[in-house]
Amino acid sequence: MKTEIAATGTPNEKASAVRWAVALLQSGEIAALPTETVYGLAADALSATAVVKIFETKERPRFDPLIVHLPELAWVERVAVIEENARPLIERLIAKFWPGPLTIVLPRREIVPSIVTAGLETIALRMSAHPIFSEVVRAFGGPLAAPSANRFGRISPTAAAHVMEELSGRIPLIVDGGPTEHGIESTVVAPRHGVIEVLRSGPITREELGKFGEMRSRGSGAPESPGQLPSHYRPQTPLVIADDITQIAVPHGQRFGALLWSDQPFSESFMESRRLSTTGNLREAAANLFRQLRELDHSGLDCIVAEALPEEGLGVAIMDRLRRAAHW
Ligand code: AMP
Ligand code: MG
């Protein structure tokens, strides 16, 4: 299959890219689309045969549930149940954060094929603020399942070229909406009985969510969010996290790269380096994270050393991704 990239630079290009994507989705095909977090691989969420293509294309295990993107608020209670005691909290979260990078996990309804939720009794819902994604899902007129448009376990794509690297030849279309705004995947929460449990950290921080209810951390035990595997977002190059990069001595003859946060001096024997932000800005760091990881991964290095970030605000989500990327 030849993978086409549709530009969206002019209003005409954008309109024709949207029509093309919608036509594919309506015929049960998949298409890669930009969202405000990372690029997604979309399919009709109410069609099991369309959704199967997402799992096959990504080589994603069937136990890893997909996020479902809604065209409008009226769809929430068509695909999910809002329990009355949770309604005030859920409505406040939706009013504040939708459309935007917050995914809300609710009990599901039967209309959703069980492959979408990996057999779980809950469904993860989101409404994208991206101008292209939201136009496609509204024109499609129903919910779209859309996980990140990368092969399973790999670094999420934040540009159309990254999707091409990951899925070229496997999908018919990538709609190019330029680099994504947030650069990391949505925050996933389960609101219950006035308590907000964060299942995956992301662009909406604990500090922001804490204004809406009591926060609970995930306890240990079986993961309720099966996709939250300890190893994910993984570059091919080994990656280690250093609390103090000034202490890292590169072994003789080894090609090491550095993914930097602070402006501490570091060893000149690093062959390559990238700086997540030149101004200590965590939003900029999140937006750069996956692109810079990908660039370092392509530099023929023996090891990437990532400098630890402060674990506050967005730093929590960035460190979460780095820990899952780490392997030796
Ligand atoms: P991705 O779409 O690749 O960003 O991954 C979606 C992630 O959302 C999954 O890996 C899960 O961690 C989470 N998720 C999706 N559905 C559910 C659900 N029903 N319950 C809990 N977490 C979910
Ligand atoms: Mg993913």
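Residues numbered from 1 in each chain as written. Chains lettered and ligands numbered in written order. Predicted model: local features only at pLDDT ≥ 70, side-chain atom pairs only at ≥ 80, totals over all residues. Heavy atoms only, no water.

### Concerning helix α1 (residues 11-26)
What sets the pattern is the α-helix's 3.6 residues per turn: residues three or four places apart point alike. Put simply, the rule reads: Numbered from the N terminus, helices here are DSSP runs of H or I no shorter than four residues, and strands are runs of E no shorter than two. In this analysis, the expected span of each helix is defined as 1.5 Å times one less than the number of residues it contains. For every residue, the accessible area (1.4 Å probe, protein chains only) is compared with the maximum for its type, and the residue is labelled buried under 20%, exposed over 50%, or partly exposed between those bounds. By definition, the arc is the one covered by directions from the helix axis to the C-beta atoms.
The first and last C-alpha atoms of α1 sit 22 Å apart over 16 residues, in line with the 22 Å expected at 1.5 Å per residue. Every buried residue of α1 is accounted for by Ala 17, Val 18, Ala 21, Val 22, Leu 24 and Leu 25. All buried residues of α1 lie within an arc of 160° about the axis, which places them on one face of the element. In α1, those exposed residues whose orientation departs by more than 90 degrees from the buried face are Asn 12, Arg 19 and Gln 26.

### Brief notes about the confidence of the model for the protein chain
The condition is simple: pLDDT gives the predictor's per-residue confidence on a scale running from 0 to 100.
Summarising the model, the protein chain shows a mean pLDDT of 95, and 97% of its residues fall at 70 or more. Mean pLDDT in the protein chain bottoms out at strand β11 (residues 214-216), which sits at 92, and peaks at strand β2 (residues 31-33), which reaches 99.

### Observations regarding the pattern of salt bridges
Rules: Throughout this description, the term salt bridge denotes a Lys or Arg side-chain nitrogen within 4 Å of a carboxyl oxygen of Asp or Glu.
Inspection of every chain in the model, using the stated rule, returns 21 salt bridges. A salt bridge links Arg 274 to Glu 272; the nearest nitrogen and oxygen atoms lie 3.0 Å apart. By relative accessible area, Glu 272 is classed as partly exposed at 27%. Note that Glu 311 is salt-bridged to Arg 323, the shortest N-O span being 2.6 Å. Residue Glu 311 is located in the loop between β15 (303-307) and α9 (315-325), and its partner Arg 323 is located in helix α9; the two are separated by 12 residues in the primary sequence. Among the ionic contacts, a cluster of salt bridges with common partners joins Glu 77, Glu 84, Arg 87 and Glu 91.

### Some words on the layout of surface pockets
Heads up, the condition is: Cavities and pockets are found on a 1 Å grid laid over the protein atoms alone: a cavity is a set of points where a 1.4 Å probe fits but cannot escape, a pocket is an open set with protein on both sides within 12 Å along at least five of seven lines, and a lining residue has an atom within 4 Å of such a point. Grid points are joined across faces, edges and corners, and a volume is the space filled by probe spheres set on the points. As a working rule, the residues Ala, Val, Leu, Ile, Met, Phe, Trp, Tyr, Cys and Pro are called nonpolar, Asp, Glu, Lys and Arg charged, and the rest polar, with Gly in that last group.
What the largest pocket holds in volume is close to 550 Å³. Lining the largest pocket are 41 residues; nearest its centre among them are Arg 60, Asp 64, Pro 65, Ile 67 and Arg 200. Put simply, the parts of the chain that give the lining of the largest pocket at least two residues each are β4 (67-69), β5 (100-107), β6 (122-127) and β10 (195-200). If you tally residues by element for the lining of the largest pocket, the top one is β6, at four residues. Tallied by class, the residues present in the lining of the largest pocket amount to 16 nonpolar, 16 polar and nine charged.

### Focus on the packing of aromatic side chains
Inclusion rule: Two aromatic rings, drawn from Phe, Tyr or Trp (for Trp, its six-membered ring), form a pair once their centres lie within 6.5 Å of each other, and the interplanar angle then sorts them: stacked below 30 degrees, edge-to-face above 60, tilted otherwise. Consider the ring centre and the ring normal. A charge sits over the ring if Lys NZ or Arg CZ is within 6 Å of that centre and within 35 degrees of that normal.
For the structure shown, the criterion picks out three aromatic pairs. With 6.5 Å between their ring centres and 45° between their planes, Phe 256 and Phe 270 make a pair best called tilted. Of this pair, Phe 256 sits in strand β13 (residues 256-260) while Phe 270 sits in strand β14 (residues 270-275), and the two are 14 residues apart along the sequence. Here Phe 256 falls in the buried class, since its relative accessible area comes to 7%. Residue classification places Phe 270 among the buried residues on the basis of a relative accessible area of 8%. Lying across the ring of Trp 75, Arg 78 places its NZ or CZ 4.7 Å from the centre.

### A short note on the packing of helix α8 (residues 282-297) against α9
For the record, the criterion: Axis angles are defined between N-to-C directions and span 0 to 180 degrees, where every axis is a line fitted to C-alpha atoms and, for a helix, only to the segment in contact. When an angle is under 35 degrees it counts as roughly parallel; over 145 it counts as roughly antiparallel; between 65 and 115 it counts as roughly perpendicular; any other value is oblique. Here a crossing is taken to be left-handed if its near helix is turned anticlockwise relative to the far helix by less than a right angle, and right-handed if that turn runs clockwise. Here a residue-residue contact requires only that any non-hydrogen atoms of the pair lie within 4.5 Å.
Packing of α8 against α9 brings their axes to within 9 Å, and their N-to-C directions diverge by 25°. The orientation of α8 with respect to α9, classified from their angle, is roughly parallel. Crossing hand, α8 versus α9: left-handed. Of the residues in α9, those touching α8 at Leu 282, Ala 285, Ala 286, Leu 289 and Phe 290 are Gly 315, Ile 318, Arg 321 and Leu 322. Grouping the constituent residues of the contact of α8 with α9 by class yields seven nonpolar, one polar and one charged.

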